[in-house]
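Chains, contacts and geometry: an overview
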Amino acid sequence: TTPYVSANMPRFSPDGKWIAYFHGRDEIRLIDTETLECKPLISGIFVLGVPPVSSFAWSPDSQWIAFTAADDNYFHNLYVQNIHEIEARQISFLGHISSGGVLWSPDGKYIVFNTSQYRAEWQIARVDLRPVQPEFREDEFDKLFEEEEEKKKDENNKDDKDRQDEKKKEPEPV
C-alpha cells in the first residue's frame, strides 16, 4: 500500500492545457488536461500550512512555473522552471525564512512575491526577468562629458584664482 500523500493548491495554466499542484511537501506535479497523464515536475522543500507559505504561479505563456521553496539552510527564495526542463533556476538570493504569494506579471517581464525575515513584517519583492536596457542617444551621450569638462574648468579657474589671491596676500620685499 502507498501512504496517503496530500494534493494541494491546483492551478490551471493560462492556456488550460495543464494543471499544476503540490504533491506532498516536496513536489509540484503536472496533469495534462487532455490525456489526464500526471508527471512530477519540480522537487523542493515546500512549506504548506495555514496560511501556506510556499506557492507557485504560471507564466502568461504557460511555459514556466515560478515557485518559492526552501534551500538546505531553510532560506526561502524564488525559482522558475520551464515545464519541458528538469532543472529549476533560482532567481532570488535572500536570507529570508519565509516567502510566498508568487504572482507573474501579465506581460511576463517580472515576478513579485512576499518575503519575510524572522519576526519582521512581510515585504513585497520584485524580480525583473528581462533587464531594462538603457537607451543612449549620441547627442545625449556627449552631454554626459560636457558637465565633467565644465566642472574641471571651474576647478582649474578656482585654483588659478586661489593662487592669485595668495600672491596678493604675500608681503612685498622691502
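Residues numbered from 1 in each chain as written. Predicted model: local features only at pLDDT ≥ 70, side-chain atom pairs only at ≥ 80, totals over all residues. Heavy atoms only, no water.

Details of a nonpolar patch on the surface
Basically, it comes down to this: Residues form patches when they are more than 30% accessible in relative terms and have no salt bridge. Like charges link within 9 Å. Nonpolar side chains (Val, Leu, Ile, Met, Phe, Trp, Tyr) link within 5 Å. Where accessible areas are quoted, they stem from the Shrake-Rupley method and a 1.4 Å probe; at the residue level, only the protein chains shown are allowed to cover. Put simply, a salt bridge is a Lys or Arg side-chain nitrogen that is within 4 Å of an Asp or Glu carboxyl oxygen. Numbered from the N terminus, helices here are DSSP runs of H or I no shorter than four residues, and strands are runs of E no shorter than two. Accessibility here uses a 1.4 Å probe with only protein chains present; expressed as a share of the type maximum, an area under 20% marks a residue as buried, one over 50% as exposed, and anything in between as partly exposed.
There is a patch of nonpolar side chains on the surface, built from Phe75, Ile97 and Tyr118 and spanning about 300 Å² of accessible area. With respect to the element layout, isoleucine 97 can be found in the loop between strand E8 (89-90) and strand E9 (98-104). The exposure class of isoleucine 97 is partly exposed, given its relative accessible area of 36%.

Comments concerning the side chain of serine 55
Counted only if it meets this: A 3.5 Å cut-off defines polar contacts: any pair of N or O atoms within that distance qualifies, except that in protein one atom must be a possible hydrogen donor and the other a possible acceptor, and neighbouring residues in sequence count only when both atoms are side-chain atoms. Note on definitions: a residue-residue contact is assigned when non-hydrogen atoms from the two residues lie within 4.5 Å.
Within the fold, serine 55 resides in the loop between strand E4 (38-43) and strand E5 (56-58). Owing to a relative accessible area of 6%, serine 55 belongs among the buried residues under this scheme. A polar contact is formed between the side chain of serine 55 and the backbone nitrogen of glycine 101, at a distance of 2.9 Å. In contact with serine 55, other than residues within four places in its own chain, are Met9, Phe22, Ala66, Phe67, Thr68, Gly100, Gly101 and Val102.

Some details on the sheet that holds strand E2 (residues 18-23)
The line we're drawing: Here, a strand pair is defined by DSSP locating no fewer than two bridges between the strands. Axes here refer to lines fitted to C-alpha atoms; in helices the fit is confined to the stretch in contact. Angles between the N-to-C directions go from 0 to 180 degrees.
Strand order across the open sheet formed by four strands is E1-E2-E3-E4, with antiparallel pairing between neighbours. On the outer flanks of this sheet lie strand E1 (7-12) and E4, each paired with one strand and no other. Sheet twist, expressed as the average angle between the axes of neighbouring strands with direction ignored, equals 25°. The pairing of strand E3 (residues 27-32) with E4 spans five bridges and is antiparallel. Opposite isoleucine 28, over in E4, you have isoleucine 42 as the bridge partner.

Things to note about the nonpolar core
To be explicit about the condition: Only buried Ala, Val, Leu, Ile, Met, Phe, Trp, Tyr and Cys residues count toward a nonpolar core, and they belong to the same one when joined by side-chain atoms within 4.5 Å.
The biggest cluster of nonpolar side chains holds 15 residues, and the ones touching the most others in it are Ile28, Leu30, Ile65 and Phe67. Residue assignment for this core shows that the elements contributing at least two residues are E2, E3, E4, E5 and strand E6 (64-70). Contact partners of phenylalanine 67, with chain neighbours within four places excluded, come to Ile28, Ile42, Phe46, Ser55, Phe56, Asn77, Leu78, Tyr79, Val80, Gln81, Ala88 and Val102.

Considerations on the sheet that holds E9
Pairing is antiparallel across the open sheet formed by three strands, whose spatial order is E9-E10-E11. Of all strands in the sheet, those bounded by a partner on one side alone are E9 and strand E11 (123-128). This sheet shows a mean twist of 25° between the axes of neighbouring strands, independent of strand direction. Pairing geometry for strand E10 (residues 110-116) and E11, over six bridges, is antiparallel. Counterpart to phenylalanine 113 in the pairing with E11 is alanine 125.

Considering the confidence of the model for the protein
What counts is decided by this rule: Per-residue confidence from the prediction method is given by pLDDT, with values spanning 0 to 100.
Per-residue pLDDT for the protein has a mean of 82; in total, 82% of the residues score no lower than 70. Looking at the elements of the protein, mean pLDDT is at its lowest for helix H1 (residues 138-169), recorded as 69, and at its highest for E3, recorded as 94.

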